[in-house]
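# Descriptive analysis of the structure
Read off the chains here:
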Amino acid sequence: MGIKVAKFGGSSLCDAEHFRKVKAIIESDPDYHYVVPSAPGKRFDADEKITDLLYQCHRLVERGQSHEQLFRKIADRYLAIARELELDFDIEGLLIDTCNAIRQYKNPDFAASRGEYMNGILLSKYLGWDFIDAQDVVKFDRQGNFASEWTNEIMAQALKLHEHAVIPGFYGAYPNGDVHTFSRGGSDISGAIVARAAKADLYVNWTDVSGFLMADPRIVKNPKCIRELSYRELRELSYMGATVLHEDAIFPVHKAGIPTNIRNTNAPEDPGTMIVVNPSPDREKDQVITGIAGHKNFTLLSIEKAMMNAELGFGRRVLQALEDFGVSFEHLPTGIDTMSVVVADKELVTRKDQIIQRIQQTCQPDSIDISAGIALIATVGHGMTSAPGTAARLFTALYEAGVNIRMIDQGSSELNIIVGINIEDFETAMNAIYRAFVKD
Ligand code: ASP
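### Quick word on the sheet that holds strand β15 (residues 416-422)
With antiparallel pairing, the 5 strands of this open sheet are ordered in space as β12-β11-β13-β15-β14. Lying at the two open borders of the sheet, with one neighbouring strand each, are β12 (338-344) and β14 (405-410). Mean inter-strand twist for the sheet, computed between neighbouring axes without regard to direction, equals 35 degrees. Here helix α13 (residues 352-363) sits on the sheet in contact with β11 (291-304) and β13 (367-380), set at roughly 110 degrees to β13.

### A short note on the sheet that holds strand β3 (residues 130-131)
The strand order β3-β4-β2-β1-β7-β9-β10-β8 describes an open sheet built from 8 strands, whose pairing is mixed. This sheet does not close on itself; its edge strands, each paired only once, are β3 and β8 (228-230). Two strands pair when backbone bridges link them, and strand β9 (residues 260-264) and strand β10 (residues 273-276) are joined in this way by 3 bridges, in the antiparallel orientation. Across the sheet, Ile262 pairs through a bridge with Thr273, a residue of β10. Strands β8, β9 and β10 of the sheet are contacted by helix α9 (residues 231-239), whose axis makes an angle of about 85 degrees with β8.

### With respect to helix α11 (residues 314-324)
Along α11, the residues that are buried comprise Phe314, Val318, Ala321 and Leu322. Around the axis of α11, the buried residues are gathered within 100 degrees of arc, so they sit on the same side. Counted as exposed and oriented over 90 degrees from the buried face of α11: Arg316 and Glu323. Contacts made by the buried residues of α11 are with β11, β12 and α13.

### Thoughts on the site of the ligand
Taken together, Ser38, Lys49, Thr51, Glu116, Phe170, Arg184, Gly185, Gly186 and Ser187 make up all the residues around the ligand. Within the backbone of Gly185, an N or O atom sits 2.8 Å from an oxygen atom of the ligand. Gly186 is positioned such that a nitrogen or oxygen atom in its backbone is 3.4 Å from an oxygen atom of the ligand. Its free accessible area being 260 Å², the ligand has 93% of it covered by the protein chains. Looking at the shell around the ligand, its residues break down into 1 nonpolar, 5 polar and 3 charged.

### Topic: the side chain of Asp29
Its location among the elements puts Asp29 in the loop between α1 (16-27) and β2 (32-37). Using a relative accessible area of 14% as the deciding quantity, one classes Asp29 as buried. In this structure the side chain of Asp29 is engaged in a polar contact, spanning 2.9 Å, whose partner is the backbone nitrogen of Asp31.

### Describing the packing of helix α3 (residues 68-84) against helix α5 (residues 108-127)
It is at 11 Å that the axes of α3 and α5 come closest, and there the two elements cross at 20 degrees. If you check the angle between α3 and α5, you find them roughly parallel. Crossing angle aside, the handedness with which α3 passes α5 is right-handed. For the pair formed by α3 and α5, the contact residues are Phe71, Ile74, Tyr78, Ile81 and Ala82 on the first element and Arg114, Gly115, Met118, Asn119 and Leu122 on the second. Here the residues of the contact of α3 with α5 are counted per class, giving 7 nonpolar, 2 polar and 1 charged.

### Some words on the pattern of salt bridges
Counted under the stated rule, the structure contains 16 salt bridges. For Glu149, the salt bridge is made with Lys255, and the minimal N-O distance between the two is 3.2 Å. Placement of Glu149 in helix α7 (residues 148-160) and of Lys255 in helix α10 (residues 250-256) is noted, with a sequence separation of 106 residues between them. The exposure class of Glu149 is partly exposed, given its relative accessible area of 40%. In this structure, Glu311 engages Arg317 in a salt bridge whose closest nitrogen and oxygen atoms are separated by 2.6 Å.

### Some points on the environment of Tyr34
One can find Tyr34 in strand β2. On the basis of relative accessible area, Tyr34 is assigned to the buried category, the value being 6%. Residues Tyr34 and Leu300, spaced 266 residues apart in sequence, show a C-alpha to C-alpha distance of 47 Å. Dropping the residues within four chain positions of it, Tyr34 is found in contact with Lys4, Val5, Ala6, Trp129, Leu159, His162, Glu163, His164, Ala165, Ile167, Val194 and Ala198. Within the structure, the side chain of Tyr34 is placed 3.0 Å from the backbone oxygen of Leu159, a separation counted as a polar contact. Within the local environment of Tyr34, its side chain forms a polar contact with the backbone oxygen of His162, the two atoms lying 2.7 Å apart.

Definitions and limits used
Residues numbered from 1 in each chain as written. Predicted model: local features only at pLDDT ≥ 70, side-chain atom pairs only at ≥ 80, totals over all residues. Heavy atoms only, no water. Pairing = 2+ DSSP bridges. Helix = DSSP H or I, 4+ residues; strand = E, 2+ residues; numbered from the N terminus. Axes fitted to C-alpha atoms, helices over the stretch in contact; angles between N-to-C directions. Contact = heavy atoms within 4.5 Å. Buried < 20%, exposed > 50% of the residue type's maximum accessible area, 1.4 Å probe, protein only. Arc of directions from axis to C-beta. Near = heavy atom within 4 Å. Polar contact = N/O pair within 3.5 Å; in protein donor to acceptor, adjacent residues only side chain to side chain. Areas by Shrake-Rupley, 256 points an atom, 1.4 Å probe, with all protein chains shown as cover. Nonpolar A, V, L, I, M, F, W, Y, C, P; charged D, E, K, R; others polar. Parallel < 35°, antiparallel > 145°, perpendicular 65-115°, else oblique. Left-handed = near helix turned anticlockwise from the far one by under 90°. Salt bridge = Lys/Arg side-chain N within 4 Å of Asp/Glu carboxyl O.

If you want it as structure tokens, here you go:
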């Protein structure tokens with residue numbers, strides 16, 4: 001017997017039918033002790049998320065307009081769930097109090113948090129479990145930074161008092177008690193925080209897909225699902241744009257050595273993706289790579305200067321120029337007399353000319369070449385460390401697909417090979433790499 005913490009995303013709790021699925025999942029495994037719900041999400045493509053509606057309510061209040069008509073839409077969603085599930089409590093009273101409190105507090109975070117708060121109460125009534133308000137157990141400092149250790153202490157103490165409890169996701173409170181939220185999608189973080197405090201054996205993140213895919217399905221047709229992924233691989237992939245889990249949800253569980261299982265509420269029999277601390281030795285031997293992810297819109301600054309390698313402080317001065325203008329860089333491949341810096345376009349927008357001027361002044365290079373329109377693709381996998389010829393396979397695939405490589409960067413961990421290519425080659429390159437490594 002272990003302890004499992006389950007987080008259910010908004011699409012997994014969008015209506016009464018999904019609440020039933022959630023209850024069946026929880027009741028099928030006695031190891032579940034704590035559940036972290038999101039607010040009800042979309043029931044169909046054109047539907048609205050409760051969180052979005054709540055932010056809209058707040059905006060109306062802020063403009064001095066009435067939000068009551070809009071709040072009715074929110075109320076109807078919760079009422080329908082409560083009615084269909086035959087929940088016996090004063091849901092009307094809860095809705096009226098919430099509607100009034102949004103007007104009274106005039107705080108966007110408070111308004112947004114009510115989606116999770118009310119859903120948490122509903123789910124706790126439905127499961128017959130205790131309710132712990134996240135406002136009391138998830139703490140931020142005065143600047144709004146998540147206070148991880150303080151939270152862990154308070155949360156662990158609170159959980160000890162409840163064998164089974166529902167703790168709403170997405171929000172917590174400042175030291176003065178005012179509600180503060182994580183960024184959007186933050187219930188993933190709340191779930192990880194609860195898992196850490198509960199010293200759980202597993203954090204199960206229930207969503208609407210059967211796990212992490214090896215590549216973006218909008219670009220690569222029918223990519224395979226990743227069965228196992230390490231936290232480090234996940235970090236590399238999500239940094240490059242792969243999304244299933246909120247980026248910050250990794251830290252509490254990784255730190256505590258707790259694996260995360262991504263599962264599909266609508267296909268609970270699927271094993272999903274297991275995110276582990278260390279890759280297991282029995283990972284498929286022929287699976288060299290774990291996943292591919294990419295991002296568009298980078299600029300490559302290529303700086304050349306004869307005898308650059310002998311000039312003390314050259315690299316530092318280049319990076320100082322970026323830092324002085326508040327620009328962070330992504331990659332830094334260097335040659336003997338050349339240095340390239342890859343920067344996201346959005347970082348450069350207004351500061352490009354000033355930065356170039358500063359580099360000219362402080363580094364006096366022979367030339368600086370600026371190429372915009374670069375895309376980056378990361379090919380990630382622990383298997384690459386032990387498989388000779390991985391780079392050859394990757395570059396051959398790109399060559400055969402007619403893709404010109406503008407930059408190469410292999411992290412020192414050998415977990416990752418990043419290539420910079422022209423934006424127009426992005427889709428071709430993704431497919432070429434995928435086909436080179438993954439058999440159907
Ligand atoms: N309900 C919030 C959002 O829509 C948080 C979450 O679902 O994780 O972003």
